Protein chains: 2
Amino acid sequence: MAPPSEFSGHTVKSFDDDIAQLRAVITRMGGLCETQISDAVDALVNRNVEAARAIVERDVRLDALEAEAEALAVRIIALRAPMADDLREIVAALKIAGVMERIGDYAKNIAKRASVVAQAQPIGPAVIIPEMARVVIEIIHDTLDAFVDRDAAKANAILTRDQQVDEFYNSLFRSLLTFMMENPHYITPSTHLLFVAKNLERIGDHATSVAEMVHYSVTGQRPAERPKSDLTSNIYSPE
Amino acid sequence: MAPPSEFSGHTVKSFDDDIAQLRAVITRMGGLCETQISDAVDALVNRNVEAARAIVERDVRLDALEAEAEALAVRIIALRAPMADDLREIVAALKIAGVMERIGDYAKNIAKRASVVAQAQPIGPAVIIPEMARVVIEIIHDTLDAFVDRDAAKANAILTRDQQVDEFYNSLFRSLLTFMMENPHYITPSTHLLFVAKNLERIGDHATSVAEMVHYSVTGQRPAERPKSDLTSNIYSPE
């Protein structure tokens, strides 16, 4: 008869394998989100309608990965009946997969708008978009590192970085409004860029909420309230 | 010694109590979302800055209810180790609570913009907003009815109703762009109304995704792909 210690060691190992598999799906979702955002912004800047279409089509992969993460999480819960920390991590993974799928939707929307903007007159403020995207992608990347490493301190350090994204957004909002007022021909492309910027701002916000989930999953404590600096809904005039 | 049947009857009853409690939290979230949206749109139309501020403050209740739903779901999973249908319902409840919290965020954003719009010139296209909100609120209401009744057919019937919201949005997008082109003074209020309309469109989309979750939770099958009719990211000119 096999000694119980070995048997329980086997059980523990299987559970770790399951969790590792779930983490891998989430990491793949994060990597795909980063690519989708980066490619969507490239398509926007380079006015590449073909590339934009490919990004829109690629979004189904994120939907499939979310379904895979959910099926895995449910199987782990059902088979392993995990407790406390383990259960909290699985619930966090489930929620993070949902957020990643949403982030993918925002990237898809940027790609859709890239096709429209490609047909309009190029406008100056668009140059801020790739900078803003770069910050957002870094936040997603570091958040998923914190998730995989179960590193609460790293997750916590991310929480304030969303402010930079909000600052980009506020600045872009103002300059796009000024642009629209200058010339009615700028209104349509500016409106789409406004939505692109808003999509990036939402992605930053979602990624930051993932960092909060990671913090909670690791420590069992919710992080302190983070500052919110999308000021545009409080601004009447754009100057 | 108590007969086993009575004991197992007691266990089953407790589990049902737990689920009922979880359902009640979700229903309260849904009711609060409906109120928040309706009040935010009233504040917008009546240019009531005081009411708008109260709505923004009330959003913390939805955050608290989401945390309560999550704690309850985790406790049920840990204590009861539910299987198959029961587990699927709890996972659905967890996800639905997350979506309701997001819907609350959109309502809060509408309220914030109501304060800004109140300071600007009233513009005509705003009259469509309450109609759009009414449809969105109905979708949330019926979706939560389907959730509580575990009624897959009812959930399925909701999936196409989001198209009406998208049609409102497309129509509003076009008329707001036309407005902005007519007079630069309309640009700021029009931009905020565009975001309000987009918020309502997103709420409709989120509520519909809840109907999909209900369908999946009851049947174990994902519903057929639903049509998407926010056409504005595919439209270059607003006419």
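Rules used in this analysis
Residues numbered from 1 in each chain as written. Chains lettered and ligands numbered in written order. Predicted model: local features only at pLDDT ≥ 70, side-chain atom pairs only at ≥ 80, totals over all residues. Heavy atoms only, no water. Helix = DSSP H or I, 4+ residues; strand = E, 2+ residues; numbered from the N terminus. Buried < 20%, exposed > 50% of the residue type's maximum accessible area, 1.4 Å probe, protein only. Contact = heavy atoms within 4.5 Å. Areas by Shrake-Rupley, 256 points an atom, 1.4 Å probe, with all protein chains shown as cover. Least-squares fit on C-alpha atoms with pLDDT ≥ 70 in both. Buried area = accessible area lost by both parts, 1.4 Å probe. Salt bridge = Lys/Arg side-chain N within 4 Å of Asp/Glu carboxyl O. Polar contact = N/O pair within 3.5 Å; in protein donor to acceptor, adjacent residues only side chain to side chain. Nonpolar A, V, L, I, M, F, W, Y, C, P; charged D, E, K, R; others polar. pLDDT = per-residue confidence, 0-100. Axes fitted to C-alpha atoms, helices over the stretch in contact; angles between N-to-C directions. Parallel < 35°, antiparallel > 145°, perpendicular 65-115°, else oblique. Left-handed = near helix turned anticlockwise from the far one by under 90°. Core = buried A, V, L, I, M, F, W, Y, C linked by side-chain atoms within 4.5 Å. Phe/Tyr/Trp six-rings, centres within 6.5 Å; stacked < 30°, edge-to-face > 60°. Lys NZ or Arg CZ within 6 Å of the ring centre and 35° of its normal.

Caption draft 1: Local environment of the overall build of chain A. Of regular secondary structure, chain A possesses 7 helices and 0 strands. Buried residues in chain A amount to 55% of all 239 residues. Of the contacts made within chain A by residues no fewer than 6 positions apart, 84% connect residues no fewer than 24 positions apart. Taken as a whole, chain A presents about 9,800 Å² of accessible surface, with 55% of it coming from carbon and sulfur.

Caption draft 2: Spatial organisation of the relation of the copies chain A and chain B. For the pair chain A and chain B, the relating rotation is 180°, the translation along its axis is 0.0 Å, and the fit reaches an RMSD of 0.0 Å. Between the two chains, the operation in question is that of a two-fold axis. Among all C-alpha atoms of chain A, that of Ala 81 of chain A lies closest to the rotation axis, at 3.0 Å. When the interface residues of chain A are mapped onto chain B, 100% of them again lie at the interface, so the same face is used by both copies.

Caption draft 3: Local environment of the interface of chain A and chain B. Taken together, the contact pairs 45 residues of chain A with 45 residues of chain B. Here chain A packs against chain B, burying approximately 4,000 Å² in sum over the two surfaces, 63% of which is carbon and sulfur. Summed over the shared surface of chain A and chain B, the number is 4 salt bridges. In this structure, the salt-bridge partner of Glu 70 of chain B is Lys 95 of chain A, at a minimum N-O distance of 2.6 Å. The tally of links from chain A across to chain B stands at 3 residue pairs in polar contact (both at pLDDT 80 or more). Listing elements by their share of the side of chain A that touches chain B, those giving two or more residues are helix 2 (49-80), helix 3 (84-117), helix 6 (162-182) and helix 7 (187-219) of chain A. With 12 residues, helix 7 of chain A is the single largest residue contributor to the side of chain A that touches chain B. Looking at the side of chain A that touches chain B residue by residue, the classes come out as 25 nonpolar, 10 polar and 10 charged.

Caption draft 4: Structural detail: the pattern of salt bridges. Residue and element names in this part refer to chain A. What the rule picks out here adds up to 36 salt bridges over all chains. Arg 53 is the partner of Glu 50 in a salt bridge, and the nearest nitrogen-oxygen pair spans 3.6 Å. Residue Glu 50 and its partner Arg 53 are both found in helix 2; the two are separated by 3 residues, about one turn of the helix. Since its relative accessible area comes to 53%, Glu 50 is described here as exposed. A relative accessible area of 43% places Arg 53 in the partly exposed class.

Caption draft 5: Local environment of the confidence of the model for chain A. Across chain A, pLDDT averages 88, with 88% of residues at or above 70. Note on residues 1-10 of chain A: pLDDT under 50 across the span, and 0 contacts to partners over four residues away in sequence or across chains.

Caption draft 6: Quick peek at unusual backbone geometry. Residues and elements named next belong to chain B. Of note in the backbone geometry, Ala 81 takes a positive phi value of approximately 40° without being a glycine. By the secondary structure assignment, Ala 81 is in the loop between helix 3 (60-80) and helix 4 (84-117). Residue classification places Ala 81 among the partly exposed residues on the basis of a relative accessible area of 36%. Positive phi outside glycine occurs at Arg 150, with the angle close to 50°.

Caption draft 7: The packing of helix 4 (residues 128-149) of chain A against helix 6 of chain A, seen in detail. All names here are of chain A. Following both chains from N to C, one finds helix 4 and helix 6 inclined at 160°, their axes separated by 9 Å at the closest point. Between helix 4 and helix 6, the angle falls in the class roughly antiparallel. When you trace helix 4 past helix 6, the crossing you get is left-handed. Only Asp 162, Gln 164, Val 165, Phe 168, Tyr 169, Ser 171 and Leu 172 of helix 6 make contact with helix 4, whose side of the interface consists of Ile 128, Ile 129, Glu 131, Met 132, Val 135, Val 136 and Ile 139.

Caption draft 8: Highlighting the nonpolar core. Grouped together as the largest cluster of nonpolar side chains are 151 residues, with contacts concentrated most on Ile 37 and Ile 96 of chain A together with Ile 37 and Ile 96 of chain B. With near-sequence residues (within four places) excluded, Ile 96 of chain B lies in contact with Ile 26, Leu 144, Phe 147, Val 210, Met 213 and Val 214 of chain B.

Caption draft 9: Spatial organisation of the packing of aromatic side chains. One pass over the structure, following the stated rule, counts 5 aromatic pairs over all chains. With 5.0 Å between their ring centres and 45° between their planes, Phe 179 of chain A and Tyr 186 of chain A make a pair best called tilted. For the cation-ring pair, Arg 88 of chain A lies above Tyr 216 of chain A, with the distance from its terminal atom to the ring centre recorded as 5.9 Å. Lying over the aromatic face of Phe 195 of chain B, Lys 198 of chain A brings its terminal NZ or CZ to 5.9 Å of the ring centre.

Caption draft 10: Examining the side chain of Glu 70 of chain A more closely. On the secondary structure map, Glu 70 of chain A appears in helix 2. Taking the relative accessible area as the measure of exposure, Glu 70 of chain A reaches 7% and is therefore buried. A polar side-chain atom of Glu 70 of chain A sits 2.6 Å from a polar atom in the side chain of Lys 95 of chain B. Ignoring anything within four residues of it in the chain, the contact list for Glu 70 of chain A reads Leu 94 of chain A together with Val 91, Lys 95, Tyr 216 and Arg 222 of chain B.

Caption draft 11: Quick look at the environment of Val 99 of chain A. All names here are of chain A. Inspection of the secondary structure puts Val 99 in helix 3. When its relative accessible area of 9% is taken as the criterion, Val 99 is described as buried. Sequence separation of Val 99 and Ala 207 is 108 residues, and the distance between their C-alpha atoms is 7.8 Å. Look past the residues within four positions of Val 99 in its chain and what remains in contact with it is His 206, Ser 209, Val 210 and Met 213.

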